[in-house]
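Architecture at a glance
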Amino acid sequence: MSAPALERRPAGRSIPLLELVRVALEATAANGARSLLTTLGVVIGVASVVVLVSLGDGVRSFLGEQFAGLGADLIVVQPGHTETSGFGPPLENVQRPLTIADSKVLAQRVPSVVGFSADLVGGGTVSYLNRSRDVMVAGVGERFWEVRGMRVEIGHPFSADDEAARRRYAILGHTVVHELFADENPLGKTIQISGAPFLVVGVTAPKGRMLGFDLDDLAFVPVTATEDLFNRDFVTEILAKARSHEDVGTAVAQITDVLERRHAGHQDFTVHTQQDLMGTFNRIADTMASVVLAIASISLVVGGIGIMNIMLVSVNERTREIGVRRAVGARRSDILAQFLIESVVVSLIGGIIGLLLGTAVVLVAGLVLPSLPARLSLWIVLLAFGFSAAVGVLSGVLPARRAASLDPVDALRYE
Amino acid sequence: MSAVATVIECRALSRRFRMGEGDVWALRNVDLSVESGEYLALIGPSGSGKSTLMNLLGCLDRPTEGRYLLDGAAVERLDDAELADVRNRKIGFVFQTFNLMARQTALENVALPLVYAGLSRAERRRRAGEALRRVGLEHRVDHRPDQLSGGQRQRVAVARALVTRPALILADEPTGNLDQATGREVLGLFDELHREGATIVLVTHDPKIAQHARRRIELVDGSVRADVRQPEASP
């Protein structure tokens, strides 16, 4: 009995975190199956957060790339005013369609754009010999190709003369060519579009998919020819491309001004820019994200309640252990920390399992559905850990307080 | 041994419990002095107040009235955390049911009080190894309680009580869960510790076990009825 007496541990100094984590891991491992089942709620919650956020992230970047493909300076004019504001009596219906004439006037009076293209889009059946295919028929203006950033790979685009003469010429997308002509050269061949004969004068360069829509599964014809084909005297939309990114605002103002004058002072049309569209999609993505988080939080709350429940059981079962620890010198704060850490450890284990599960789902989904744009990123991992740690702390407070408040004498006497 | 110090000094110690309608005095005006190196048995039938007195001596509980000086320091008014620290540094408990941590090795069990003393891991292992050697279990360091016999478990518990070098060892029916032979073995260990100068308070209902102590205090109805000293002799 010769060693120095023990110093008093300073008030407020807790025992090392490592020690607490070790005890927590031991206790968790001792109840393997029970602990695992307890964490299930957190596992599912974290896994769904990982999967859905990865998916949302992927969709967002996918859309970003898609819109970038559209060209940042694209301006779309559509009939009808979609952004109304304020209340009041419904206005008389003064909606006027957009016409080719509108686009010609715009082309004369709006200098801040590269060009305009009035487009009339409809469905049609394209056939050649005994093959036929239902495709989108796009009547396009002369400047369509540069405005829309597309290219005619073989043959030549429509001329101003083709448009004025309402010639039945067609430029086909790659998919259409492949389906109708296989390996045959389509140039100079006559095809039927919804029963009317059209001469194939070109093939577009492959453009791929855009928002799930195959841009190579199209038949382009002069917009005047679609007017005849669909028996319309108005167009679906007028596209324009600003001269530069800085010109987009000016162009929108000028287009609005010119069209308003032509439409007797009524703004019965809408001018969208690529940024508007992106903003809309981002808003949709944000809404989706909040819904996802709401659903995941429900699962995490349920998981948290599960952990709280099992921690209360654990405190009850280990009453005597708590008594012994108090007898040999544990302060209330030591017991509080022990059970709080244990709750966090249990929850974090659930979080890690959920993270692995979610990652596996994302990877497998990527293999099975390559077109599904899912992306894992570091912040999802951090989010998963943050969520599970928070759930652990919140659900551990009550059990830990109960453990710490036990009277040592009563706890030691507990059978 | 140098100048004899007083380890326990109780003056008019009383403890009242609230029970339904009325109050019950489990302990009334107990005066008790125990000097360093004494081996004392606290005996009495159940309900005599010996558990209550043990809880007070062990700083697990606070008296309703009276004074208690432990190792020269007044402890009757300390707060919860301070009492925990006093238990940690000055008292070593030995329980009837051993109360070891089932998932931890003998060494970790013995080192438990040192965790709460804030010692480093290396220092804890060193001191715990020493304490286990003292009780003759140096070959069972890495065994868990379920790999030890009852007598060995209680010796691990004794090592845990010794590891902080406390002023007082409080043993509550330490042989209650052991057969006669292992019970004698553990009592022999207490005898050895006594010879080395440890201050021991042994709580028991069994007069034969109380024979091991040099002094017997008998409690009846919450008061000291007898305080008998017997000369140093072999048991």
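Residues numbered from 1 in each chain as written. Chains lettered and ligands numbered in written order. Predicted model: local features only at pLDDT ≥ 70, side-chain atom pairs only at ≥ 80, totals over all residues.

1. Here's the deal with the overall build of chain B
Using the following cut-off: Under the scheme used here, helices are H or I runs from DSSP no shorter than 4 residues and strands are E runs no shorter than 2 residues, and both carry numbers assigned from the N terminus. When we talk radius of gyration, it's over C-alpha atoms, and the globule rule is simply 2.2 Å times the number of residues to the 0.38. Counting other C-beta atoms within 10 Å of a residue's own tells you its class, since 20 or more makes it buried, 12 or fewer makes it exposed, and anything in between is partly exposed; those C-beta atoms are placed from the backbone. Working definition of a contact: two residues with C-beta atoms, positioned from the backbone, lying within 7 Å.
Helices and strands together make up the secondary structure of chain B, namely 7 helices and 10 strands. Taking 2.2 N^0.38 as the reference for a compact globule, 235 residues should give roughly 18 Å; the C-alpha atoms of chain B span a radius of gyration of 18 Å, in line with that estimate. Summarising its shape, the C-alpha atoms of chain B cover approximately 50 × 45 × 40 Å along the three principal directions. Split into buried and exposed, the 235 residues of chain B put 50% on the buried side. Contacts spanning at least 24 positions in sequence make up 68% of the contacts within chain B whose residues lie at least 6 apart.

2. Things to note about the packing of helix α10 (residues 274-317) of chain A against helix α12 (residues 332-368) of chain A
Residue and element names in this part refer to chain A. Counted only if it meets this: In this analysis, axes come from line fits to C-alpha atoms, helices being fitted only over the stretch in contact, and the angle between any two N-to-C directions falls in the range 0 to 180 degrees. Each angle gets one of four labels, with under 35 degrees taken as roughly parallel, over 145 as roughly antiparallel, 65 to 115 as roughly perpendicular, and the rest as oblique. Less than a right angle of anticlockwise turn of the near helix away from the far helix marks a crossing as left-handed, whereas a clockwise turn marks it as right-handed.
The N-to-C vectors of α10 and α12 enclose an angle of 140 degrees; their axes lie 11 Å apart at closest approach. Classified by the interaxial angle, the pair formed by α10 and α12 is oblique. Considering only the axes of α10 and α12, their crossing is right-handed. Of the residues in α12, those in contact with Gly303, Ile307, Met311 and Val315 of α10 are Phe339, Ser343, Val346, Ser347 and Gly350.

3. Quick notes on the interface of chain A and chain B
Put simply, the rule is: Under the grouping applied here, Gly and all other residues not named as nonpolar or charged are polar, the nonpolar ones being Ala, Val, Leu, Ile, Met, Phe, Trp, Tyr, Cys and Pro and the charged ones Asp, Glu, Lys and Arg.
Of the residues lining the interface, 25 residues belong to chain A; the matching set on chain B comes to 24 residues. Counting residues per element, the ones that place at least two in the side of chain A that touches chain B are α1 (17-30), α11 (319-327), α12 and α14 (408-413) of chain A. By residue number, the principal contributor to the side of chain A that touches chain B is α11(A), which donates 5 residues. Among the residues making up the side of chain A that touches chain B, the classes are represented as 13 nonpolar, 1 polar and 11 charged.

4. Quick word on the confidence of the model for chain B
Residues and elements named next belong to chain B. Rules: Every residue is assigned a pLDDT by the predictor, reflecting its confidence on a scale from 0 to 100.
In the predicted model, chain B carries a mean pLDDT of 91, and 97% of its residues have values of at least 70. When mean pLDDT is taken per element in chain B, strand β6 (residues 91-94) scores highest with 96 and helix α7 (residues 207-210) scores lowest with 89. Both confidence scores are given for the complex: pTM 0.73, ipTM 0.94.

5. Focus on the packing of α12(A) against helix α13 (residues 378-405) of chain A
It is the contact of α12(A) with α13(A), at a shortest axis distance of 7 Å, that shows an interaxial angle of 150 degrees. Crossing geometry of α12(A) relative to α13(A) is assigned as right-handed.

6. A word on the domain arrangement of chain A
The following threshold applies: An automatic or database domain assignment supplies the residue ranges for each domain.
On domain assignment, one finds that chain A holds domain 1 (17-65 + 280-413) and domain 2 (97-262). Using C-alpha coordinates to define each centre, domain 1 of chain A is positioned 55 Å away from domain 2 of chain A.

7. Section: the sheet that holds strand β8 (residues 200-204) of chain B
Residue and element names in this part refer to chain B. For clarity, the cut-off: The criterion for strand pairing is that DSSP finds at least two bridges linking the strands in question.
Taken in spatial order, the 6 strands make up an open sheet running β6-β7-β8-β3-β9-β10, and their pairing is mixed. Two strands bound the open sheet, and with one partner strand each, they are β6 and β10 (223-229). Adjacent strand axes in the sheet meet at a mean angle of 20 degrees, parallel and antiparallel pairs treated alike. In terms of strand pairing, strand β3 (residues 39-43) meets strand β9 (residues 215-220) through 4 bridges, oriented parallel. Directly across from alanine 41, in β9, lies its bridge partner arginine 216. In the packing of helix α6 (residues 180-195) onto the sheet, the strands contacted are β3, β7 (168-172) and β8, and the crossing angle to β8 comes to about 155 degrees.

8. Quick notes on the sheet that holds strand β5 (residues 73-74) of chain B
Residue and element names in this part refer to chain B. Strand order in this open sheet of 4 strands is β2-β1-β4-β5, and the pairing throughout is antiparallel. In this open sheet, the two edge strands, each paired with only one partner strand, are β2 (22-35) and β5. With 2 bridges joining them, strand β4 (residues 65-70) and β5 adopt antiparallel strand pairing. Considered in β5, the bridge of leucine 70 is made with alanine 73.

9. Re the pairing of strand β3 (residues 131-140) of chain A
Residue and element names in this part refer to chain A. Across 9 bridges, the pairing between strand β2 (residues 113-128) and β3 is antiparallel. When the bridges of β3 are listed, valine 126 appears paired with arginine 133. Linking β2 to β3, which pair antiparallel, is a turn of 2 residues; within it leucine 129 sits at a positive phi near 55 degrees. Sheet analysis places β3 next to strand β10 (residues 218-222), joined by 5 bridges and oriented parallel. Among the inter-strand pairings, alanine 138 is bridged to a residue of β10, identified as phenylalanine 220.

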